[in-house]
Amino acid sequence: MAFIAIENVSKTYSETEFDSTVKVLTDISVEIEESEFIALMGPSGSGKSTLLTTVGAMNRPSHGRVLIDGIDVYGLSDERRADFRMEYLGFVFQQHHLMPYLTALENAMLPLATSSVSNREKRQRAMVVLESVSLGNKASRLPNQLSGGEQGRLAIARALVNQPPLLLADEPTGTLDSKTGSEIMEVFLDLNRQGQTIFMVTHNQDNAALADRVLQIRDGSLVVCGTAHEAGRMLAGRTDHEPRAVYVGQGKTAVAESAVGLDPA
Amino acid sequence: MRISTLAFANLNRRKGKAMFLTVGIAIGVGTIVALLSLSNSIQEEIGAQLDRFGANIVIVPQSNSLALDYGGVSVPGVTFDQHQLRNEDVEKIREIPYHKRLSVIAPKVLSAAKVEGQQVLLAGVDFKNELKLRRWWRITGRSPENEGDMLVGYEVARALSIIQPTGQAPQQGVEAGAHHSTEEQSQFQIVKGDVQIAGQRHSVVGVIGATGGPEDRMVFGELLHVQKLVNKAGQLNVIEVSALCKGCPVEDIVGQIRDKLPHAKVSAVQQAVKARTEMVARLTRFSAAVAVVVLIIGALMIFTTMMSSVVERTKEIGVLRAIGFRRTHIIKGLILEVATISAAGGFFGWASGLAASWVVLPYFSETGVGRELNPTLLFAALFGAMLIGTLSSIYPAVRAAKLDPSEAVRYI
């Protein structure tokens, strides 16, 4: 059984102001194996974030279900689902959303705040993840005393402190320059090599090329699912899609030669 | 790192807002504490003032007969008394458990006597205590000091031509005493220095200005002397008691006196007690009304501040929810913040309210009673502030906890 099973997920928002409904996701089904690195791409408004938060146990689908490690996520009560997020999921946000009034160590400890383990153990665990992202020597700094890349790495450390089986990232390099973005992607790749399952929303083709598989979503529907190489080839066959770029990714599985059409919107 | 760490870090981060809320709560609590302290002091003051207006407990012998009337209290006639009050009974009253609350014990013997040929009610009193009880008496002349000295009521003095309107020369040998009032002197002066009572001559040392009460028609002499004069040695007809009324356990005092004097009829003067109770109740109602208004304003202030704080922190709350904080964790954190601020506000409010009441107390109270550190009031201030703070922030906290994390994440 797949580690993550997204089964016929649809999501409809009702717009009370206009007395109408907007369909954001349409009958999406996909399976993700443990230790896979998935990149989710698509134009703005295509439903990427909705799918991410749906997989992230935060956004109940109108139809269909999401199973993670065999658990029907939306069959859980709200409080149990919060516990599930704490135990199974780690989130990395585009703008990191670190608590500006907490030190790097405290930010990394944040997901442990509700845990019953001792403060000493919490500190130890937080230090371990800070070390793993090379921030061990900056534990006492506030976020505004860190560079953009360091902030990104701190956000990853926070997401990992609970050792979650699934790491969800929403455009983690979106606000970073290419060099800093590469640093962050290196961290993701390292984690993935160690067996971490990663589900990442990105607009960046280079980053997508690093993933095991690329999901391309358009108007709420999954249009492509395959390696970066496959995705490029599949999209290249589409009549409405002109080749736009040729690039060489440095991912572990796919070197997307002529991976055209991974629309970065 | 615990939820409390986050709460305190947040307070530290938003020092200005926390300070504003603390000051607001402190002002509210301070107002109530000052009001309660003042109200308490004023209540005591009123109690003390009312106590000055006379006795609030009257003790008479047990009897079915009603022979003489004094001050609206019926005094049994001599002939039919089944049980007599005795001088020793005064000492027994001083032995009751609440004896420290008794400010004045004024025994009296009453008898009809012929004064200058006219039938008059003659009262033997302990002048030292009687004059404490009758603070409204305005005596022209002086207070009795010797055994045969008499104090005469205004009506009696007029009927027996002891006084005459001001302007006529006073009779030689009559002294002006310490208790005379300028107002009364301007109305009359004593012109006759002695009277015949029960066949003996007695000095009239003072005349009580008209009061409109029964004393206008009475003559007062020293207790032991009058007892001998009317052949009632050691006997008393009435004992008036003035109890200090803080907390006013008059009924308890009455019960204790009854236990000591089972042969006597002991009753509280209901008018005095009721007047005091009514006054205290009005003050209490006024204080409560102001307190309620202040509490409502305080609660609204906390409510609006917390609501705006929740809106400001949508992003942060969304992140916390996304990383696995339960709704109850969010509520706990927010309530902890408000409870901390409320406790600080409660303490500073108590301190400032007490200080304010001490400063303004002299303007409201002659005695300045009530200047005390009341631990109950401190506890009530802390508990009340925390309760109001918590109650006012429940809705904002619940609303924060109900924030859809996916919406909050989308928002950010």
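The shown structure was predicted, so the numbers you read here are calculated from the model rather than taken from an experiment. (Residues numbered from 1 in each chain as written. Chains lettered and ligands numbered in written order. Predicted model: local features only at pLDDT ≥ 70, side-chain atom pairs only at ≥ 80, totals over all residues.)

The next point concerns the overall build of chain B. Tallying secondary structure elements over chain B gives 13 helices and 16 strands in all. Looking at the 412 residues of chain B, the share that counts as buried comes to 43%. In chain B, the proportion of contacts linking residues at least 24 apart, taken out of those at least 6 apart, comes to 81%. (Helix = DSSP H or I, 4+ residues; strand = E, 2+ residues; numbered from the N terminus. Buried ≥ 20, exposed ≤ 12 C-beta atoms within 10 Å, placed from the backbone. Contact = placed C-beta atoms within 7 Å.)

Let us look at the overall build of chain A. Across its full length, chain A holds 8 helices and 10 strands. Taking all 265 residues of chain A together, 50% fall into the buried category.

Here the focus is the nonpolar core. Counting 110 residues, the largest nonpolar core has A:Ile38, A:Leu40, A:Ala108, A:Ala157 and A:Phe199 as the members making the most contacts within it. Examining the composition of this core, we find that 11 residues originate from one element, helix α2 (residues 15–52) of chain B, more than from any other. Setting aside chain neighbours within four positions, we find A:Ala108 in contact with A:Ala126, A:Val129, A:Leu130, A:Leu154, A:Ala157, A:Arg158 and A:Val161. (Core = buried A, V, L, I, M, F, W, Y, C linked by C-beta atoms within 7 Å.)

This part covers the sheet that holds strand β8 (residues 197–201) of chain A. Residue and element names in this part refer to chain A. The strand order across the open sheet built from 6 strands is β6-β7-β8-β3-β9-β10, with neighbouring strands paired in mixed fashion. The open sheet has two edge strands with one neighbour each: β6 (89–92) and β10 (221–226). Averaged over all adjacent pairs, the angle separating strand axes in this sheet is 15°, with direction ignored. Direction of pairing for β6 relative to strand β7 (residues 166–170): parallel, over a ladder of 4 bridges. Each residue of the ladder has a partner; that of Leu89, found in β7, is Leu166. Contacting β6 and β7, helix α5 (residues 148–160) crosses the sheet at an angle of about 165° to β6. (Pairing = 2+ DSSP bridges. Axes fitted to C-alpha atoms, helices over the stretch in contact; angles between N-to-C directions.)

Attention shifts here to the environment of B:Ser39. Residue and element names in this part refer to chain B. With respect to the helices and strands, Ser39 occurs in helix α2. By C-beta crowding, Ser39 is classed as buried, having 21 other C-beta atoms within 10 Å. Sequence spacing of Ser39 and Leu361 is 322 residues, and the spatial spacing of their C-alpha atoms is 9.9 Å. Look past the residues within four positions of Ser39 in its chain and what remains in contact with it is Leu283 and Ser287.

With that out of the way, let us pick up the interface of chain B and chain A. Opposite the 25 residues of chain B that make contact, chain A presents 26 residues. Counting only elements with at least two residues in the side of chain B that touches chain A, the list comes to α1 (3–13), α10 (314–322), α11 (327–364) and α13 (405–411) of chain B. In terms of residue count, α1(B) provides more of the side of chain B that touches chain A than any other element does, 7 residues in total. For the side of chain B that touches chain A, the class distribution of residues is 11 nonpolar, 6 polar and 8 charged. (Nonpolar A, V, L, I, M, F, W, Y, C, P; charged D, E, K, R; others polar.)

Residue and element names in this part refer to chain A. Spatially, the 4 strands line up as an open sheet ordered β2-β1-β4-β5, and their pairing is antiparallel. Lying at the two open borders of the sheet, with one neighbouring strand each, are β2 (20–32) and β5 (71–72). Pairing between strand β1 (residues 4–15) and β2: 9 bridges, direction antiparallel. Paired with Val9 across the bridge in β2 is Ile28.

Right, let's talk about unusual backbone geometry for a bit. Residue and element names in this part refer to chain A. With phi around 45°, Glu171 is a residue other than glycine that occupies positive phi space. In this fold, Glu171 is placed in the loop between β7 and α6 (178–193). Among the residues examined, Glu171 registers 21 C-beta atoms within 10 Å and is labelled buried. A positive phi angle, near 50°, is found at Asp219, a position not held by glycine. With respect to the helices and strands, Asp219 occurs in the loop between β9 (213–218) and β10.

A separate point is the environment of A:Asp206. Residue and element names in this part refer to chain A. If you trace the backbone, Asp206 turns up in helix α7 (residues 205–209). Judged by local crowding, Asp206 falls into the buried class, with 21 C-beta atoms found within 10 Å. For Asp206 and Ser182, which are 24 residues apart along the polypeptide, the C-alpha to C-alpha distance reads 9.4 Å.

Once that is clear, we can look at the confidence of the model for chain A. Averaged over all residues, the pLDDT of chain A equals 83, while 85% of them reach at least 70. Confidence drops under pLDDT 50 across residues 239–265 of chain A; counting only partners more than four residues distant or on other chains, this segment forms 67 contacts. (pLDDT = per-residue confidence, 0-100.)

On to the packing of α5(A) against α6(A), then. Residues and elements named next belong to chain A. Contact geometry for α5 and α6: axes closest at 9 Å, N-to-C directions at 25°. By the angle class used here, α5 and α6 are roughly parallel. When you trace α5 past α6, the crossing you get is right-handed. Residues Gly148, Gly149, Gly152, Arg153 and Ile156 of α5 form the contact with α6, whose participating residues are Thr180, Glu183, Ile184 and Val187. For the contact of α5 with α6, a count of residues per class yields 3 nonpolar, 4 polar and 2 charged. (Parallel < 35°, antiparallel > 145°, perpendicular 65-115°, else oblique. Left-handed = near helix turned anticlockwise from the far one by under 90°.)

Below, the discussion takes up the confidence of the model for chain B. Residues and elements named next belong to chain B. Here chain B shows a mean pLDDT of 80. Residues at 70 or above account for 81%. The element-level mean pLDDT for chain B is lowest in helix α6 (residues 182–185), coming to 46, with strand β13 (residues 218–222) highest at 93. Confidence drops under pLDDT 50 across residues 169–185; counting only partners more than four residues distant or on other chains, this segment forms 38 contacts. Scored as a whole, the predicted complex attains pTM 0.65, and scored at its interfaces, ipTM 0.83.

All names here are of chain B. Every buried residue belonging to helix α8 (residues 250–260) is among Val250, Ile253, Val254 and Ile257, and all of these are buried. Viewed end-on, α8 has its buried residues packed into an arc of 100°, placing them on one side of the element. Seen from the buried face of α8, the exposed residues on the opposite side, beyond 90 degrees, are Glu251 and Asp259. (Arc of directions from axis to C-beta.)

This part covers the environment of B:Val23. Mapped onto the fold, B:Val23 is located in helix α2. Through-space distance from the C-alpha of B:Val23 to that of B:Ile341 is 9.3 Å; in sequence the pair is 318 residues apart.

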